[in-house]
Amino acid sequence: MMGPSHALSGAAAWLAGSWALHQFANVAQSPLEVAVGTAICAGGALLPDLDMSGKVTRNQGGATVARTFGVASLFVAEVVEKFSLGVYTATKLSRDPRRDNGHRTFTHTLPFCGLIGWGTTALCAGYGYWAVIGIVFFMSGLALRGLFDKWAERAGWVIVTLASAVIAWFTAANLPTDRGYPLLGVAVGVGCFVHILGDMITKNGVPILWPIPLNRRMWRMVGIPNSMAVKVGGKVEVVVLRTAFTVISLLSIAGLFVPGVLERFNLDVWASK
């Protein structure tokens with residue numbers, strides 16, 4: 001799927017999960033905490049595509065996520081792509097095809113989701129509040145690049161970077177400093193996993209079973225048949241799926257906050273009488 005669809009799917013997944021936790025486990029979050037988690041998950045839903053690099057010296061090409069912070073993120077994407085290709089080459093078996101790029105390899109696996117989620121949690125737990133702010137800055141940039149792709153393309157990476165800095169500053173000013181927020185690692189991991197699910201319904205699939213060897217193949221691509229696959233950028237993705245993700249997000253927001261607003265309004269009305 002395209003970047004905006006991935007980002008929307010991550011936002012919808014986090015909002016729906018937050019609603020479910022609030023509804024069935026009585027886990028309450030402030031509006032800011034919900035917003036931060038949603039941004040992190042939306043950004044995480046773009047993270048696996050850092051394995052699609054572009055032309056660093058020209059600030060061109062690459063996936064949506066690779067262009068978020070200009071040449072800096074393009075360089076990171078180049079490193080991730082080469083690393084992913086190295087993992088593929090080092091672990092492929094006799095029936096795995098030869099590849100000259102690392103797209104849809106290591107970063108599109110369950111171990112990557114687990115490692116990136118664990119790494120985020122470890123950063124939050126080990127370095128606390130300021131690690132959280134740094135993660136918010138980076139992931140907010142990815143989320144902005146995905147959710148507002150056309151605006152970000154027109155505005156350029158400098159504006160996106162400044163907007164991410166403003167979001168991080170606002171978070172730093174309003175988030176309590178006595179917590180490490182390790183749950184953000186879950187948001188990143190969930191975002192990556194949602195990305196993988198999204199790519200499974202498009203052509204070619206993803207190596208979700210890696211590193212389990214099957215019939216002399218380590219990197220077997222798993223997904224729905226290509227004849228049934230969602231066309232990238234087609235009407236099903238752009239109209240049907242994005243509309244569904246948007247509706248899920250809006251209903252989840254309503255479920256999270258409307259009851260509290262109505263209850264407060266009723267109490268205020270009662271008190272005024």
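Our subject is the structure listed above.
First, a word on scope: everything that follows refers to the structure included in this document. Predicted model, so just to flag it, every value in this text is computed and none were measured.

Quick look at the nonpolar core
Core analysis: the biggest nonpolar cluster contains 44 residues, and Ile40, Leu47, Val132, Met139, Leu142, Leu184 and Trp219 have the highest contact counts within it. Elements with a contribution of two residues or more to this core: α1 (3–24), α2 (31–44), α3 (71–91), α4 (110–147), α6 (157–174) and α7 (183–200). Here the element with the most residues in this core is α4; it accounts for 10 residues. Residues within four places of Leu184 in sequence aside, it is in contact with Val36, Ile40, Thr120, Cys124 and Val132. In terms of nonpolar packing, the next biggest core, distinct from the first, is built from 6 residues, Met1, Ala12, Val230 and Leu241 among them.

Some remarks on the packing of aromatic side chains
On inspection of all chains with the given rule, the structure shows 8 aromatic pairs. On the basis of an interplanar angle of 25° and a centroid distance of 5.8 Å, the ring pair of Phe69 and Phe138 is categorised as stacked. Taken together, the residues span a long stretch of sequence, with Phe69 in the loop between β2 (60–61) and α3 and Phe138 in helix α4 at a distance of 69 residues. In this structure Phe69 comes out as buried when scored by relative accessible area, which is 11%. Taking the relative accessible area as the measure of exposure, Phe138 reaches 31% and is therefore partly exposed. A ring pair is formed by Phe106 and Phe112, whose centres lie 5.8 Å apart and whose planes are at 80°; its orientation type is edge-to-face. Of the aromatic side chains, those joined through ring pairs into one cluster are Phe83, Tyr88, Phe106, Phe112, Trp210 and Trp219. Directly above the ring of Tyr88 sits Arg99, whose terminal nitrogen or CZ lies 5.6 Å from the centroid.

Looking at α3
For α3, which comprises 21 residues, the first-to-last C-alpha distance of 30 Å matches the rise-based estimate of 30 Å (1.5 Å per residue) to within 8%. Three or more residues of α3 are buried, namely Ser73, Leu74, Ala77, Val80, Glu81, Ser84, Leu85, Val87 and Tyr88. The buried residues of α3 occupy an angular sector of 155° when the element is viewed end-on, so they sit on one face. Residues of α3 that are exposed and point over 90 degrees away from its buried face: Phe75, Phe83 and Ala90.

Cut-offs used in this document
Residues numbered from 1 in each chain as written. Predicted model: local features only at pLDDT ≥ 70, side-chain atom pairs only at ≥ 80, totals over all residues. Heavy atoms only, no water. Core = buried A, V, L, I, M, F, W, Y, C linked by side-chain atoms within 4.5 Å. Buried < 20%, exposed > 50% of the residue type's maximum accessible area, 1.4 Å probe, protein only. Helix = DSSP H or I, 4+ residues; strand = E, 2+ residues; numbered from the N terminus. Contact = heavy atoms within 4.5 Å. Phe/Tyr/Trp six-rings, centres within 6.5 Å; stacked < 30°, edge-to-face > 60°. Lys NZ or Arg CZ within 6 Å of the ring centre and 35° of its normal. Expected span 1.5 Å × (residues − 1). Arc of directions from axis to C-beta.

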